Amino acid sequence: MPEGHILHRLARLHQRRFAGAPVGVSSPQGRFESGAALVDGRPLLCAEAWGKHLFHHYAHGPIVHVHLGIYGHFTEFDLVDGHLPEPVGQVRMRMVGTGYGTDLRGPAACEVIDEAQVAGVIARLGPDPLRGDADPSLAFKRIAKSRKSIAALLMDQSVLAGVGNVYRSEVLFRHRIDPYRPGVQIGEADFAEIWADLVALMKVGLRRGSIVVVRPEDDHGAPAYAAGKPRTYVYRRAGDPCRVCGTAVQTAELEGRNVFWCPSCQT
């Protein structure tokens, strides 16, 4: 599932390419046909992201809300002499602007909502490290009262918005915190360091389009878990030696997702 920096990158891209002018919106697949008709031809006022949610605000009120889920993705295309390429696959939503277009496939949610409904979505989310208006104290208050593991809490979108499995596993390694430590045992100073690191790491992800978490002095040795990916400390490295101490990285299922950690470094 795309983590929050991807949604913020999409918001910036769509703001740059479509905002301020009418946008042609359609649903080649047909599943978003009625929603597309509500915004087709309206100017896009702005695009913004909150955690893993993307909002397109159109003139005179309607807002398209997108949650990519596990399988959703946008593909961008240029218009050549105004020519529209034929849709490939099940395109839920197509947006066409001046010189550019984008196709959305496979989202968990693609719907038209109003401002009150947007507020309802946001009210269910914790602070987003990539938003300047985020209040990290709201997250810490929930963590400090919970006996759930810090690894589970970091993935809970009502506690922190936008953090996914990679950032969760990696930031806990970077701060030498056992993923099973209960939230009530996370001190305010510990959380302040985690939050500051997430802000910095996710800003790098926003800028570069990939999750870069390994410090330069540790960025050597075994290759990344997949071709074209930056190295990670522990994510998807179960059984491989820790980049810092050499102990075998461990993994386990935690609330339906695999968590990765070094049992020597994270005590």
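Let us look at the structure shown here. (Residues numbered from 1 in each chain as written. Predicted model: local features only at pLDDT ≥ 70, side-chain atom pairs only at ≥ 80, totals over all residues. Heavy atoms only, no water.)

Thoughts on the packing of helix H1 (residues 4–18) against helix H7 (residues 188–208)
Next, step 1: It is at 8 Å that the axes of H1 and H7 come closest, and there the two elements cross at 45°. With respect to H7, the axis of H1 lies oblique. Remark: the crossing between H1 and H7 carries right-handed chirality. Taking contact as the criterion, the partners of Gly4, His5, His8, Arg9 and Arg12 in H1 are, on H7, Met202, Gly205, Leu206, Arg207 and Arg208.
Next, step 2: Residues of the contact of H1 with H7, tallied by class, amount to two nonpolar, four polar and four charged. (Axes fitted to C-alpha atoms, helices over the stretch in contact; angles between N-to-C directions. Helix = DSSP H or I, 4+ residues; strand = E, 2+ residues; numbered from the N terminus. Parallel < 35°, antiparallel > 145°, perpendicular 65-115°, else oblique. Left-handed = near helix turned anticlockwise from the far one by under 90°. Contact = heavy atoms within 4.5 Å. Nonpolar A, V, L, I, M, F, W, Y, C, P; charged D, E, K, R; others polar.)

A look at the pattern of salt bridges
Next, step 1: Scanning all chains against the criterion turns up eight salt bridges.
Next, step 2: Where Arg131 meets Glu48, a salt bridge forms, and the shortest distance between an N and an O atom there is 3.5 Å. Remark: Glu48 occurs in strand S2 (residues 44–50) and Arg131 occurs in the loop between helix H3 (115–123) and helix H4 (136–144); sequence separation between them is 83 residues.
Next, step 3: Here Arg131 falls in the buried class, since its relative accessible area comes to 18%.
Next, step 4: What emerges from the salt-bridge pattern is a single network uniting Glu48, Arg131 and Asp133. (Salt bridge = Lys/Arg side-chain N within 4 Å of Asp/Glu carboxyl O. Buried < 20%, exposed > 50% of the residue type's maximum accessible area, 1.4 Å probe, protein only.)

Considering helix H6 (residues 165–174)
Side chains that are three or four residues apart share a direction in an α-helix, a result of its 3.6 residues per turn.
Next, step 1: Summarising burial for H6: ten of the ten residues are buried, a large majority.
Next, step 2: On its buried face, H6 sits against H1, helix H5 (150–155), H7, strand S9 (250–254) and strand S10 (257–261).
Next, step 3: Positive phi appears at Arg176, one or two residues downstream of H6, with a value of about 55°.

Quick word on the sheet that holds strand S7 (residues 100–105)
Next, step 1: The strand order S1-S6-S7-S5 describes an open sheet built from four strands, whose pairing is antiparallel. Since the sheet does not close on itself, it has two edges, and those belong to strand S1 (24–26) and strand S5 (73–78), each with one partner. This sheet shows a mean twist of 15° between the axes of neighbouring strands, independent of strand direction.
Next, step 2: Pairing geometry for S1 and strand S6 (residues 91–96), over three bridges, is antiparallel. Across the sheet, Val25 pairs through a bridge with Met95, a residue of S6.
Next, step 3: Against the sheet, H1 touches S5, S6 and S7, its axis set at about 30° to S5. (Pairing = 2+ DSSP bridges.)

Overview of the side chain of Asp197
Next, step 1: The residue Asp197 is located in helix H7 in this model.
Next, step 2: Judged by relative accessible area, which is 11%, Asp197 ranks as buried.
Next, step 3: Every residue in contact with Asp197, bar those within four places of it in the chain, is listed here: Val171, Arg174 and His175.

A short note on the nonpolar core
Next, step 1: Ranked by size, the top nonpolar core spans 41 residues in total, and within it Leu160, Tyr167 and Leu172 carry the most contacts.
Next, step 2: Elements represented by at least two residues in this core include exactly H4, H5, H6, H7 and S10.
Next, step 3: Counting residues per element, this core draws most heavily on H7, which supplies eight residues.
Next, step 4: Not counting residues within four places of it along the chain, the set of residues in contact with Tyr167 comprises Glu3, His5, Leu198, Leu201, Met202, Gly205, Ile211 and Val213.
Next, step 5: Counting 22 residues, the second largest nonpolar core, distinct from the first, contains Phe32, Ala36, Val39 and Leu104. (Core = buried A, V, L, I, M, F, W, Y, C linked by side-chain atoms within 4.5 Å.)

Side note on the packing of aromatic side chains
Next, step 1: Within the structure shown, the criterion is met by six aromatic pairs.
Next, step 2: Between Phe173 and Tyr233, the ring centres sit 4.6 Å apart and the planes meet at 25°, which makes this aromatic pair stacked. Of this pair, Phe173 sits in helix H6 while Tyr233 sits in the loop between H7 and S9, and the two are 60 residues apart along the sequence. Of the two residues, Phe173 and Tyr233, neither departs from the other in class, the shared state being buried.
Next, step 3: Aromatic pair Phe191 and Trp195: ring centres 6.4 Å apart, planes at 40°, arrangement tilted. Highlighted residues: Phe191 and Trp195, both in helix H7, separated by four residues, approximately one helical turn.
Next, step 4: What links up through ring pairs into an aromatic cluster is the set Phe140, Phe191 and Trp195.
Next, step 5: If you follow Arg131 out to its NZ or CZ, it ends over the ring of Trp50, 3.6 Å from the centre. (Phe/Tyr/Trp six-rings, centres within 6.5 Å; stacked < 30°, edge-to-face > 60°. Lys NZ or Arg CZ within 6 Å of the ring centre and 35° of its normal.)

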